[in-house]
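Examination of the molecular architecture
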Amino acid sequence: MPLVRHSKAEIVVFGERPVINLENVAYSYGGGELLSDITLKLQPGSFHFLTGPSGSGKTTLMKLCYGALTATSGQVTLFEEDVRGMSRDDLALIRRRIGVVHQDCQFLDHLSVAENISLPLMVSGRDDLKQSANLKELINWVGLSPRAGALPPELSGGERQRAALARAVIMSPDVVLADEPTGNIDWEMSQRLLRLLIELNQMGRTILIATHDLALIRAVKTQVQARVLRISKRRLHLAGADL
Amino acid sequence: MSLRASLVHFIAGDPQAARVVPPTGFTVWLTLFSAAAMAFLAVFALALSLATGRLAERWGSELARSSTVRISAPAGQMAAQTETALKLLKTTKGVARARALDADEQSALLEPWFGPGLAIDALPIPQLIEIIEEGEGFDAMGLRLRLAAEVPGAVLDDHTRWRRPLVQAAARLRLLGWLSLLLIGGATAAMITLAAKAALAANAQVISVLRLVGARDSYIARAFMRRFTWRSFIGAVLGVALGCGAIAMLPAADPGGGFLTGLGFQGLHWLIPLIIPPLAAFAGFVATRGAARKTLKEMP
């Protein structure tokens, strides 16, 4: 019997100063409510999984977590800043503290893999010599050194996911949000990717992974203390005992 | 950010920023072609303005500095009246010199109508005296009265009624030339705006990726502005080169020829078209800035 509680404040409060804080958030689109009464607080250094059936609103919730979508009601706070009052430029600065990996990783196809990975440095004006040494190290860390000069369309699914992860972490973000990061890759590759995420978490980063792959969650839970959240019927629940 | 601050940031900012905008796509050629075509036309409009300016000045000064006395008298009195008129003119204040046109010169004046080899002696042609003025010129009214008293067959023509409409026409042509330049500038900005908007719409994914990695909208706008400003400049350089080449190949100015043979640049005026590429680049900068800011604001 899974542990499912509907009391939002009760289930996901992990600290006093959450890096991402959603309070009573609802999101509607096209006349229908996709998410309702969502409260989520992510403490620094925590590791969370977000599960739920396809179409349940996982991606929508992830997008609310980095300000790509604006909540219809409720309050979204990123690093103690209310998203609603933020200018686009403020939001851009906040996003430099949140690394995002999508299932369908998008790149600038005319730039090389290395240039794509260093894109966050480029847009923040930090692509200096010191950073280029870090870039090489990072590319090596995700195992893409031989492919650094390739163009994104030449990469396999797994390579794209690793490149997206490298791009997401190059600014040393406080939070990494990964939406179905293993959706397009085989088991071995997904394990490799997860090891990278676990390593990041052990370095103090907050991790939130949206996935419907329960085997993946079980594999991770043997290595780190992770909480599992589930979206069901537009609401967020804590799940854990059955995993 | 004000236009000035935006321009300073644009010049002093990261020159590598433009790399994030894909270097290919139909908007590249659209911008290059528009800028080149408009610069080509601008060269001609500029040449027209300068040529009409010169023409207005020449017509105005040449005609203003000369007058004509026409003597219509019986054959027996023609020489005497001409002699009297010349003596009178020599003593007139404001007349530098006066001379009677000889038969060949009068024949040359009639040549456009009667063709070459005209036997002028067989025609009752009036004698013409050319007057070149000095200083502030002569008193036309006083001269007319004196001529009427001493040379009954003389008529003074100070060219005023010819000069005024010619100068007016040349001034209007010059104005039209400058107006054309303004219209060309506006059309260039409009085309680049459309191209920039098309490029922004076609690169929605690029913008999405840039926003995802924390790029400010001002950074994204600058990246597009750099691309389009540079393309506008390159296109205009090509257009100016072609336009100047075409102008250089026009027939040389013929002193006795028509107005069109004088269309072109003379001396240092050849340097004036060099201002067109920077102006086109500035038009591209302003147009892309407006288009980018508006489009990015509207994008979710």
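Structure shown above.
This one's a predicted model, so the numbers in the text were calculated from it and none came from an experiment. (Residues numbered from 1 in each chain as written. Chains lettered and ligands numbered in written order. Predicted model: local features only at pLDDT ≥ 70, side-chain atom pairs only at ≥ 80, totals over all residues. Heavy atoms only, no water.)

1. Some remarks on the sheet that holds strand E1 (residues 20-29) of chain A
All names here are of chain A.
- The 4 strands are arranged E2-E1-E4-E5 in an open sheet whose pairing can be described as antiparallel. Edge positions in the sheet fall to strand E2 (32-42) and strand E5 (81-82), since each has one partner strand and no second.
- Relative to E2, E1 runs antiparallel, the two sharing 7 bridges. Each residue of the ladder has a partner; that of Asn21, found in E2, is Lys41. (Pairing = 2+ DSSP bridges. Helix = DSSP H or I, 4+ residues; strand = E, 2+ residues; numbered from the N terminus.)

2. Points about the nonpolar core
Residues and elements named next belong to chain A.
- If you look at the biggest cluster of nonpolar residues, it comprises 43 residues, and the most contacted ones within it are Phe47, Phe49, Ile117, Leu165, Leu197 and Ile209.
- Listed by contribution, the elements that provide at least two residues to this core are strand E3 (47-51), helix H4 (113-117), helix H6 (129-141), helix H7 (157-169), strand E7 (175-179), helix H8 (187-202), strand E8 (206-210) and helix H9 (214-221).
- Considering each element in turn, this core owes the most residues, 7 residues, to H8.
- Dropping the residues within four chain positions of it, Phe49 is found in contact with Leu208, Ile209, Thr211, Ile217, Val220, Ala226, Arg227, Val228 and Leu229. (Core = buried A, V, L, I, M, F, W, Y, C linked by side-chain atoms within 4.5 Å. Buried < 20%, exposed > 50% of the residue type's maximum accessible area, 1.4 Å probe, protein only. Contact = heavy atoms within 4.5 Å.)

3. Details of a nonpolar patch on the surface
- Taken together, the side chains of Leu173, Leu176, Leu179, Leu182 and Leu183 of chain B define a hydrophobic patch exposed on the protein surface, amounting to about 490 Å² of accessible area.
- Residue position: Leu173 of chain B is located in helix H6 (residues 160-202). (Patch = residues over 30% accessible without salt bridge, like charges linked within 9 Å, V, L, I, M, F, W, Y side chains within 5 Å. Areas by Shrake-Rupley, 256 points an atom, 1.4 Å probe, with all protein chains shown as cover. Salt bridge = Lys/Arg side-chain N within 4 Å of Asp/Glu carboxyl O.)

4. Observations regarding the sheet that holds E3 of chain A
All names here are of chain A.
- Strand order in the open sheet made by the 6 strands is E6-E7-E8-E3-E9-E10, with mixed pairing throughout. This sheet does not close on itself; its edge strands, each paired only once, are strand E6 (98-101) and strand E10 (235-239). Across the sheet, the axes of successive neighbouring strands diverge by a mean angle of 20 degrees, strand direction being ignored.
- Packed on one face of the sheet, H7 meets E6 and E7 and runs near 170 degrees to E6. (Axes fitted to C-alpha atoms, helices over the stretch in contact; angles between N-to-C directions.)

5. What to know about the side chain of Thr92 of chain B
- Looking at where Thr92 of chain B falls in the secondary structure, it is placed in the loop between helix H3 (75-90) and strand E2 (95-100).
- Leaving out residues up to four positions away in the same chain, Thr92 of chain B has contacts with Phe138, Leu143 and Arg146 of chain B.

6. What about the interface of chain B and chain A?
- The interface of chain B with chain A comprises 24 residues on the first partner and 20 residues on the second.
- When the two sides are added together, the surface that chain B and chain A hide from each other amounts to roughly 2,000 Å², 57% of it contributed by carbon and sulfur.
- Residue Asp217 of chain B is joined to Arg88 of chain A by a salt bridge in which the shortest nitrogen-to-oxygen separation is 3.5 Å.
- Linking chain B with chain A are 5 residue pairs in polar contact (both at pLDDT 80 or more).
- Of all the elements in the fold, those that place two or more residues in the side of chain B that touches chain A are helix H7 (204-212), helix H8 (217-248) and helix H9 (276-298) of chain B.
- Top element by residues in the side of chain B that touches chain A is H7 of chain B. It accounts for 7 residues.
- Residues belonging to the side of chain B that touches chain A are distributed by class as follows: 14 nonpolar, 4 polar and 6 charged. (Buried area = accessible area lost by both parts, 1.4 Å probe. Polar contact = N/O pair within 3.5 Å; in protein donor to acceptor, adjacent residues only side chain to side chain. Nonpolar A, V, L, I, M, F, W, Y, C, P; charged D, E, K, R; others polar.)

7. Things to note about the packing of aromatic side chains
Residue and element names in this part refer to chain B.
- All told, the structure shown has 5 aromatic pairs over all chains when counted by the stated rule.
- Ring centres 5.2 Å apart and planes at 50 degrees place the aromatic pair Phe40 and Phe44 in the tilted group. Placement of the pair is Phe40 and Phe44 together in helix H2 (residues 26-64), with a separation of 4 residues, close to one helical turn.
- When the ring centre of Phe228 is taken as reference, the NZ or CZ atom of Arg231 above it lies at 5.1 Å. (Phe/Tyr/Trp six-rings, centres within 6.5 Å; stacked < 30°, edge-to-face > 60°. Lys NZ or Arg CZ within 6 Å of the ring centre and 35° of its normal.)

8. As for the pairing of E3 of chain A
Residues and elements named next belong to chain A.
- When you tally the buried positions in E3, you get 5 out of 5 residues, the bulk of the element.
- Side chains Phe47, Phe49 and Thr51 project from E3 onto one buried face, and the interleaved His48 and Leu50 project onto a second face that is buried too.
- Sheet topology note: the E3/E8 ladder contains 4 bridges and is parallel. Considered in E8, the bridge of Phe47 is made with Ile207.
- One ladder, built from 4 bridges, connects E3 with strand E9 (residues 227-232); its direction is parallel. Note on E9: the bridge partner recorded for Leu50 is Leu229.

9. A short note on the packing of H7 of chain B against H8 of chain B
Residue and element names in this part refer to chain B.
- Relative to each other, H7 and H8 sit at 140 degrees, their axes nearing to 10 Å. Taken together, the axes of H7 and H8 are oblique relative to one another. Like other packed secondary-structure pairs, H7 and H8 cross with a definite hand, here right-handed. Contacts between H7 and H8 involve Ile207, Leu210 and Arg211 on the former and, on the latter, Asp217, Ile220 and Phe224.
- Split into classes, the residues belonging to the contact of H7 with H8 amount to 4 nonpolar, no polar and 2 charged. (Parallel < 35°, antiparallel > 145°, perpendicular 65-115°, else oblique. Left-handed = near helix turned anticlockwise from the far one by under 90°.)

10. Section: helix H3 (residues 88-95) of chain A
- Turning to H3 of chain A, its buried residues are Leu91, Ala92, Ile94 and Arg95 of chain A. The buried residues of H3 of chain A all sit within an arc of 160 degrees when viewed along its axis, so they share a single face.
- On its buried face, H3 of chain A is in contact with strand E4 (73-78), E5 and E6 of chain A together with H7 of chain B. (Arc of directions from axis to C-beta.)

11. Some points on the pattern of salt bridges
- Evaluated as defined, the whole model comprises 12 salt bridges over all chains.
- Of the charged contacts in the structure, one is a salt bridge between Glu105 of chain B and Arg99 of chain B, with a shortest N-O distance of 2.6 Å.
- Residues participating in the shared-partner salt-bridge network are Arg88 of chain A together with Arg211 and Asp217 of chain B.

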